[in-house]
Every structure is written in structure tokens, then in C-alpha cells.
Amino acid sequence: QDEYLIDGSIKHWKGQKQDVYSPICLKDGKQVKLGTYPKLTQNEAHQALDSAMNAYNHGMGQWPQMKVEERIKAVEKFTFKMIEKREEVVNLLMWEIGKSLKDSQKEFDRTVDYIKDTIEALKNLDRKNSQLEIESGILAQVKRSPLGVTLCMGPFNYPLNETFTTLIPALIMGNAVIFKPPKFGVLLHRPLLEAFRDSFPKGIVNTLYGSGEELLTPLMKSGKIDVLAFIGSSKVASTMEHHHPKPNRLRSVLSLEAKNAAIVMPDANLEVAVNECVTGSLSYNGQRCTALKILFVHENIVGSFLEQFNAKVDAIKYGMPWDKDVQITPLPESNKTTYLKDLIDDATSKGAKIVNKDGGTIKNTFMFPAVLYPVNKDMKVYHEEQFGPVVPILTYKDIHEPMQYLMESNYGQQVSIFGNNSDEIAKMIDSFVNQVSRVNINAQCQRGPDIFPFTGRKDSAQSTLSVGDALRAFSIRSMVAIKNNSENKE
Ligand code: G3H
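Small disclaimer: the values here were computed from a predicted structure and weren't measured.

Attention now moves to the overall build of the protein chain. A count of helices and strands for the protein chain gives 16 helices and 24 strands. On C-alpha atoms alone, the protein chain measures out to a radius of gyration of 24 Å, which is about the 23 Å that the 2.2 N^0.38 rule sets for 490 residues. By the burial criterion, 56% of the 490 residues in the protein chain qualify as buried. Considering only residue pairs separated by 6 or more positions, the protein chain has 73% of its internal contacts joining residues 24 or more positions apart. Carbon and sulfur atoms provide 49% of the accessible area of the protein chain, an area that totals close to 21,300 Å². Distance between charge centres in the protein chain, computed from 59 positive and 58 negative side chains, equals 4 Å.

Following this line, the structure appears as C-alpha cells:
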């Protein structure tokens, strides 16, 4: 557990270590200790940087210049070794972040599929782009080339999948990578260190563990990071970007916060809208950047909507991640229940009520979902990304009210519209696509299928991640142009 990978070798850390506790409390109410990870220092951060820079810049025919087929082979080898570790990684994922066993397995399998689909996408991308083009007597061979040293970090809610949605495309396009796993969901990367070491050339993959501030600030300040791939909070992303002495030389691939809204129109199929809004706002405790984080329900139907919505929420099973059909599980962030309680108290002090049974009840690291109604602009929960099991609901009379919300919001990832009036919906789509990057009709917001472009506007994203788009995000089109001078002589 105290190992890290730099310059092609797995090193044993003798310095300070950080204890890792599971959010899961067993009978005595105490959180279970899962292990430790190394608290690396600036020295190791610089070693990782030197190692990645050497691997990227030196040696003809090495990783960045290797044939695409050879890089694909390396990624396939890694995937094969990764699959052998499925049970161990899934188990750690479940214990570290409290994600249900079923969803932890899904996360692992989705990641493997993502890698396989990325390989297929690259084969096609490369075929298209390596053709010779002849124009005005110039023969051009165009191809995709890597960008350089890439720093990758994923979030705690998808610590495997979302780390790999940047790491794998960055690697397969020929970049050298330094990656730091998130604070929650850190141990699950340990079983994969040997697979990284044995599948990729020395220095192409380097792992750092410890405080982001201590390790990553000097890396960014060095000005030698070419790509920042970060999935998490917009505040952290912009701090990191600002550390770079020449921000113009940095490519940022960012997937950040969101406050996705659902709009339930008066003619919506209520059963569909309720089902989609419940899972959309509460699966994995609402800890998804794509979760529905505010619901606008037309005033004509709000009574029936609330009745059906609350009945569904009250029937949600909470329990241990390994329990069958469990949806509400322990929250990994230690101060999360305090933050959520503060949001609820703020809303109730300004006129909202908790309208479902036991809403907001806290037990150890659990919080039972709180449905808040009626919410208004003066409440913090109207603006902040709660990223937890709290569902704010408002009524609207005129469609311009939710539209106004979208325009004023700092975020611009997705929106869901529930309704059946296609003319009305068509008008809404036209204006919403200028505020968000995905409009879902009669469906909750989500990232997948992973072949779809995943991005956002405003503070929600920069660049696009998906099976195909990520290959473009981590590469540049380069070319060799050869002039045919013999034509001129004739
Ligand atoms: O947290 C953000 C994730 O990208 C959400 O992905 O919609 O598949 O749960 P998901």
C-alpha cells in the first residue's frame, strides 16, 4: 500500500503516510480503516516530472513516435492485466467511496469498455488522418501527434472511471502521464501499478500520492506541464491553471461542476418524469456531476408530482453498499452531512419545507434524501451544487422562469425537459442548446453512452471527453508537406 510508480519502477515509501478510512461504519459506529498511502513530497513530484519529460523527449522511436499499432498493443496488455484485478479493485472502490457493489462493478466494467472502444475509435481516427493529400503540387501526410507531459486527476465519485477517461486517451495518443488519484478512491489504484509498469515504457506513466497542493503546485509552476486533465471542482482547476507561468502553453481538458435542471411541463407523462427525476437526482446519493440538482415543476401539476415523487423517495432503500437494491449509501466526504444540513437549514429558514418522510435524517455517514419545497432564489440550494441527497423543487408558471435560471447559472452542462408538446419543446431546445451542451427529452441527465460528446459551457467544462473526442483532446494534427518540384521544371 505504500508504493508508487516513477520512472518505470515501483518504489517503497519510507516517509510519512496517510491513513485511509472507509465511510462505512460497522456496528460500533466507527469507520473502518482500510490502509495507508504515501504522503509524497515535492522531491517525488519533481522526479515524476523529470521521468515523464525524459520519456517524452528522448529516444527515437520511443512511445510518442511509436506506431499507433504498438501503442494499442501496450494498452491492450494493460487492459488484460487490469481485468485480472477486477475483484480487488471493485472491492476497494466499494469500501473507499461507499458506492454500491453493483455500481462499483458497473464502474469497473464501463472503464474496460471505454478502453476497448477508445482503441477501436483510434484505429478509425488514424486511418482517416494518415492519408496522403495532394493539393497544389504539395503532398501532405497528416497525422495526429501527442502534446507532451500530461497531468491527470479524476474525482472521488468515479475514481477509476473518470481518471481513466483522460489517462487512457492521453496515453494511447503518445503523451507521457503523471497522475494523482483522488483522496477518496486512492487505494483502488494500487493493484494496477504493476500493470502500468509492465505494459508501458519506463517513465510514460508516473503516479503521485499525497496532498494536491504540495505535489501539484510545483509541477504547474515549473511551466513544464503541457496538458492539465482534471475532473473535479472549477475552483481547483482555475487555481492550477493560474499557477502555470505561461497559461497559453497549457491545454486544459476539464470536466467540472454542474447544476443540471429538470423542467416538468404541464402535459408531461408524470410516471416517466417522476421515475427519471428520482434516479436522476439521487442515484449514488446525488454525487454525480450529471445529477439533476434542481427541479422546476409546472404549477398545474406540482401537487401530483410531489405526491408521486415523495412516495418513490420514501421507498428508496438505504443501507450498506453490498445490500441488495441499495441506493442510499454512506457519504465519503467527512464534512458532507454538515454542509448538506446547512443547505437544508438555510432553505427551511427562508420558507421551504422538507416534504418527504425522514428527509435529511443523518445517521453516522448516511443522510436520507431531503426533498425541499418550495425553493426560491434567496436560498443557497438554488445556486450551489449540493452534490448530495438534497432535492430542491420549485414551481413555475411561465417557461421564461426556468429559462432565466439557465441563463443566470454559472454552470452549463445539461438540462432535462419532460413534456409532450413537440412544438413547445422544439422552441425550448433551440434556446437551451445555447446555454448547456446537452438537452435530454423525457430522460434524466447523464454522461453516457460514452460515445456521445461529454462537455459543458461556462464553469462546467473545457474541451470534450468521449470515446472519440478525447483522442482529439489529447493530440494535435501535424503534417509533413513535400513539394513536388519536378512539375515546375517541365
Ligand atoms: O460525475 C460526473 C459523471 O461524469 C457522471 O457520469 O452520468 O454516467 O453517472 P454518469
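The terminal C-alpha atoms of helix H5 (residues 161-172), which comprises 12 residues, lie 16 Å apart, in line with the 16 Å expected from a rise of 1.5 Å per residue. Within H5, 12 of the 12 residues are buried, leaving the element largely enclosed by the surrounding structure. Of all the residues in H5, the buried ones are Asn161, Glu162, Thr163, Phe164, Thr165, Thr166, Leu167, Ile168, Pro169, Ala170, Leu171 and Ile172. Directly beyond the C-terminal end of H5, a positive phi value near 105° is found at Gly174.

Next up on the list: the pairing of strand E11 (residues 251-255). Judged by how many residues are buried, E11 sits mostly within the fold: 4 of 5 residues are covered. As judged from the 5 bridges shared by strand E10 (residues 227-231) and E11, these two strands associate in the parallel manner. Each residue of the ladder has a partner; that of Ile231, found in E11, is Ser255. Regarding topology, helix H8 (residues 234-243) serves as the crossover connection from E10 to the parallel E11, and that connection is right-handed.

If you walk across this open sheet you meet the 7 strands as E14-E17-E18-E13-E12-E20-E21, and the pairing is mixed. Single-partner strands in this sheet number two, and they are strand E14 (353-354) and strand E21 (438-441). In terms of strand pairing, strand E20 (residues 414-418) meets E21 through 4 bridges, oriented parallel. Bridge pairing in E21 places Ile417 opposite Ile441. Strands E14, strand E17 (370-373) and strand E18 (390-396) of the sheet are contacted by helix H11 (residues 336-349), whose axis makes an angle of about 25° with E17.

This prediction gives the protein chain a mean pLDDT of 95; 97% of its residues lie at or above 70. Both scores are given for the predicted complex: the pTM is 0.96, the ipTM 0.98.

This part covers the nonpolar core. The biggest cluster of nonpolar side chains holds 93 residues, and the ones touching the most others in it are Leu151, Phe164, Ile178, Phe196 and Phe200. By residue number, the principal contributor to this core is helix H4 (residues 101-129), which donates 8 residues. Non-local contacts of Leu151, meaning those with residues more than four positions away in its chain, are made with Ile178, Leu216, Leu219, Met220, Ile225, Val227, Leu228, Ala229 and Met240. In terms of nonpolar packing, the next biggest core, distinct from the first, is built from 32 residues, Ile263, Leu331, Tyr405 and Ile425 among them.

Bringing the packing of aromatic side chains into the picture now. Evaluated as defined, the whole model comprises 16 aromatic pairs. Ring geometry for Tyr4 and Trp13: centres 6.1 Å apart, planes at 75°, overall edge-to-face. Each member of the pair, Tyr4 as well as Trp13, is classed as buried. Plain terms: the ring middles of Tyr318 and Phe368 are 6.0 Å apart, the flat faces sit at 70° to each other, and that makes the pair edge-to-face. In this pair, Tyr318 is assigned in the loop between helix H10 (302-314) and H11 and Phe368 in the loop between strand E16 (366-367) and E17, connecting sequence segments 50 residues apart. On the basis of relative accessibility, which here comes to 10%, the residue Phe368 falls in the buried class. Three or more aromatic residues joined by ring pairs make a cluster, and in this case those are Trp63, Phe78, Phe164, Phe179, Phe196 and Phe200. In this structure, Lys99 packs its charged tip against the face of Tyr284, placed 5.0 Å from the ring centre.

With respect to topology, 6 strands assemble into an open sheet ordered E9-E8-E7-E10-E11-E23, the strand pairing being mixed. Here the strands that pair on one side only, and so sit at the sheet edges, are strand E9 (205-207) and strand E23 (461-462). Alignment of strand E8 (residues 176-180) against E9, held across 3 bridges, turns out to be parallel. Bridge pairing links Phe179 to Thr207 in E9.

Helical geometry: 3.6 residues make up each α-helical turn, so side chains three or four residues apart lie on a common side. Here helix H3 (residues 86-97) is 12 residues long and its end C-alpha atoms lie 16 Å apart, about the 16 Å a rise of 1.5 Å per residue gives. Those residues of H3 not exposed but buried are Val89, Val90, Leu92, Leu93, Met94, Trp95, Glu96 and Ile97. Positive phi shows up at Gly98, right after H3, with a value of about 70°.

Right, let's talk about the site of the ligand for a bit. What surrounds the ligand is the set Arg110, Asn157, Tyr158, Glu162, Arg288, Cys289, Thr290, Gln446, Arg447 and Phe454. A distance of 2.4 Å is found between an oxygen atom of the ligand and a side-chain nitrogen or oxygen belonging to Glu162. With respect to the ligand, the backbone of Cys289 contributes an N or O atom lying 2.6 Å from an oxygen atom. Notes on the ligand: free accessible area 310 Å², of which the protein chains cover 96%.

The rules behind the values
All residue numbers here refer to positions counted from 1 along the written sequence of the relevant chain. With pLDDT at 70 or above as the cut-off, local features in this predicted model cover only qualifying residues; side-chain atom pairs require 80 or more to be listed or tallied, and sums for whole chains, interfaces and linings still use all residues. With hydrogens and water set aside, each side-chain value is computed from the structure's full complement of heavy atoms. Only DSSP runs of H or I reaching four residues or more are called helices, and only runs of E reaching two or more are called strands; each is numbered from the N terminus. Our radius of gyration is a C-alpha quantity, and the globule rule it is checked against amounts to 2.2 Å times the number of residues to the power 0.38. Burial classification: accessible surface area is computed with a 1.4 Å probe over protein chains only, and a residue below 20% of its type maximum counts as buried, one above 50% as exposed, and the rest as partly exposed. The contact criterion used is simple: two residues touch if any of their non-hydrogen atoms lie within 4.5 Å. All accessibility values rest on the Shrake-Rupley procedure with a 1.4 Å probe; residue burial counts only the protein chains present in the view. Counted as positive: Lys and Arg. Counted as negative: Asp and Glu, with His and the chain ends omitted from the count. We put the charge of a Lys on NZ, of an Arg on CZ, of an Asp on CG and of a Glu on CD. How far a helix is expected to stretch is found by multiplying one less than its residue total by 1.5 Å. Pairing between strands requires that DSSP locate at least two bridges from one strand to the other. By definition, the crossover connecting two strands over a helix is right-handed if that path, from the first strand to the second, turns clockwise as seen with the strands pointing away from the viewer. To get an axis, a line is fitted to the C-alpha atoms, and for a helix only the part in contact is used. The angle between two axes follows their N-to-C directions and goes from 0 to 180 degrees. Values of pLDDT, the confidence the predictor places in each residue, fall between 0 and 100. Only buried Ala, Val, Leu, Ile, Met, Phe, Trp, Tyr and Cys residues count toward a nonpolar core, and they belong to the same one when joined by side-chain atoms within 4.5 Å. Think of it this way: a Phe, Tyr or Trp ring, Trp meaning its six-membered ring, pairs with another when their centres are within 6.5 Å, and the plane angle makes it stacked under 30 degrees, edge-to-face over 60, tilted otherwise. Two thresholds decide whether a charge sits over a ring: the Lys NZ or Arg CZ must be within 6 Å of the ring centre and within 35 degrees of the ring normal. Being near a molecule or strand, for a residue, comes down to having at least one heavy atom within 4 Å of it. Definition of a polar contact: a pair of N or O atoms within 3.5 Å, with one able to donate and the other able to accept a hydrogen when the atoms are protein atoms, and with sequence-neighbouring residues admitted only if both atoms are side-chain atoms.

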